[in-house]
Amino acid sequence: MEPRQIIYRFEFSAENTREFIVNIDTNGNAIQKVLSVELPEWTDLSFAKCSHCPLQDFEHAKCPLAVQIVQAIEAFQAVISFDSVCLSVVTEERTITQRTSVQRALSSLMGLLMATSGCPYTDYFKPMALFHLPLASADETVYRASSMYMLAQYYRAKAGQETDVTLGGLKQIYHYMDELNRCMVKRIQGAIKQDAAVNALVLLDFFVKSFSYSFEDELEEFQGLFRPFLNMDAGR
């Protein structure tokens, strides 16, 4: 697979446009560019460190997730979350454009940045980042995350590893993400003037909590779509 480029363009007016380019390598990591500014203190790994972070301060001076989102945070630190913006997300295959709130648009970008940051807890979402769906709904997120997890079980089976078809592991992944989002909100609360970035993370956390508590019910609603698979002969 070739490296993938995803462009997020925020247009507040003809004279006020902000653009973020995310280049993703074949392993699902963002291709890092050298930042032209000194990283702020809140990106230090030891600054409001996540309670469940497995990284050691003596090995990692900076939090990889904080470093990945710092430019987006600083670009929107003076923007109010419910301001309106025209968001365009451009990939090689298509362009998606929608007028929405800054909070929702930034939440979509933050989800992409977090998944490609190299944080051990967000690494699981690299496949979803490579096939990114901007402004995804709750139903779309449940479907995509569950499908991704089951494809992972296929690869585990091929490698002779134990598999999980109950999605218990996926629920655990989202439990860790809930804690990560809570800690990240604390990390950046003191670093911004307005609420857009924090509310974007809160919105992400809302989806995380919704997934954790209701994904099994939502999957039941999808079951009828898979009736042909339930009726087919195995291996046919």
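Residues numbered from 1 in each chain as written. Predicted model: local features only at pLDDT ≥ 70, side-chain atom pairs only at ≥ 80, totals over all residues. Heavy atoms only, no water.

Student: Talk me through the side chain of Thr116; I want residue IDs and the actual numbers.
Tutor: By secondary structure assignment, the location of Thr116 is in the loop between helix H2 (102–115) and helix H3 (126–130). Discounting residues that sit within four places of it in the chain, Thr116 has contacts with Val22, Ile24, Gly28, Asn29, Ala30, Gln68 and Ala129. (Helix = DSSP H or I, 4+ residues; strand = E, 2+ residues; numbered from the N terminus. Contact = heavy atoms within 4.5 Å.)

Student: Give me the lowdown on the nonpolar core, citing residues and values where you can.
Tutor: In this structure, Tyr8, Phe10, Leu65, Ile69, Leu109, Phe125 and Leu180 are the most contacted members of the largest nonpolar core, which totals 56 residues. With residues up to four places along the chain from it excluded, the contact list for Leu180 reads Cys50, His52, Leu65, Met114, Cys119, Tyr121 and Thr122. (Core = buried A, V, L, I, M, F, W, Y, C linked by side-chain atoms within 4.5 Å. Buried < 20%, exposed > 50% of the residue type's maximum accessible area, 1.4 Å probe, protein only.)

Student: Any details on the pattern of salt bridges? Residues and values, ideally.
Tutor: Summed over the entire model, instances satisfying the criterion amount to six salt bridges. With a shortest N-O distance of 3.1 Å, Glu93 and Arg4 are connected by a salt bridge. Of the two residues, Glu93 is situated in the loop between strand S3 (84–90) and strand S4 (95–101) and Arg4 in strand S1 (residues 4–13); the sequence distance between them amounts to 89 residues. With its nearest N and O atoms 2.8 Å apart, the salt bridge here joins Asp57 to Lys49. The exposure class of Asp57 is partly exposed, given its relative accessible area of 38%. (Salt bridge = Lys/Arg side-chain N within 4 Å of Asp/Glu carboxyl O.)

Student: Give a detailed account of the pairing of S3, specifying residues and quantitative values.
Tutor: For S3, the buried fraction is high: six of the seven residues fall into the buried class. Two elements, S1 and S3, share five bridges in a ladder whose sense is antiparallel. Bridging from a neighbouring strand, Arg9 pairs with Ser88 of S3. Here seven bridges tie S3 to S4, and the two strands are oriented antiparallel to one another. Each bridged residue has a counterpart across the sheet, and for Ser84 the counterpart in S4 is Ser101. In this antiparallel pair of consecutive strands, S3 and S4, the connection spans four residues. (Pairing = 2+ DSSP bridges.)

Student: Let's hear about the environment of Ala115: which residues, and what values?
Tutor: In this structure, Ala115 sits in helix H2. Relative accessible area serves as the criterion here: at 6%, Ala115 is assigned to the buried category. Between the C-alpha atom of Ala115 and that of Gly28, which follows or precedes it by 87 residues, the distance is 8.2 Å. Filtering out sequence-adjacent residues up to four positions away, Ala115 remains in contact with Gly28, Thr122, Phe125, Lys126 and Ala129.

Student: Describe helix H4 (residues 138–158), with residues and values.
Tutor: Residues spaced three or four apart along an α-helix point in a common direction, a consequence of the helix completing one turn every 3.6 residues. With 21 residues, H4 should cover 30 Å at 1.5 Å per step; its first-to-last C-alpha distance of 31 Å lies within 8% of that length. Every buried residue of H4 is listed here: Thr141, Val142, Arg144, Ala145, Ser146, Met148, Tyr149 and Gln153. Two residues or fewer after H4 comes Gly160, characterised by a positive phi angle close to 75°. (Expected span 1.5 Å × (residues − 1).)

Student: Describe a nonpolar patch on the surface, listing the residues and the values that go with them.
Tutor: A surface patch of nonpolar side chains, about 510 Å² in accessible area, is lined by Tyr143, Leu225, Phe226, Phe229 and Met232. Relative to the assigned elements, Met232 resides in the segment after helix H7 (227–231). (Patch = residues over 30% accessible without salt bridge, like charges linked within 9 Å, V, L, I, M, F, W, Y side chains within 5 Å. Areas by Shrake-Rupley, 256 points an atom, 1.4 Å probe, with all protein chains shown as cover.)

Student: Account for a negative patch on the surface, naming residues and giving values.
Tutor: On the surface, Asp139, Glu140, Glu216, Asp217, Glu220 and Glu221 cluster together into a patch of negative charge. Mapped by element, the contributors of at least two residues to the negative patch are H4 and helix H6 (196–222). With four residues, H6 is the largest single contributor of residues to the negative patch. Looking at where Asp139 falls in the secondary structure, it is placed in helix H4. On the accessibility criterion, Asp139 (39% relative accessible area) is partly exposed. (Lys, Arg positive; Asp, Glu negative; His and termini not counted. Charge placed at Lys NZ, Arg CZ, Asp CG, Glu CD.)

Student: Which residues make up the packing of helix H1 (residues 64–75) against H2, and what values do they have?
Tutor: One can describe the packing of H1 onto H2 by two numbers: an axis separation of 9 Å at closest approach and a directional angle of 155°. With respect to their mutual orientation, H1 and H2 come out roughly antiparallel. Pair H1 / H2 crosses with right-handed handedness. Across the interface between the two elements, Leu65, Gln68, Ile69, Ala72 and Ile73 from H1 touch Leu106, Leu109, Met110, Leu113 and Met114 from H2. (Axes fitted to C-alpha atoms, helices over the stretch in contact; angles between N-to-C directions. Parallel < 35°, antiparallel > 145°, perpendicular 65-115°, else oblique. Left-handed = near helix turned anticlockwise from the far one by under 90°.)

The analysis is restricted to geometry; functional conclusions fall outside its scope.
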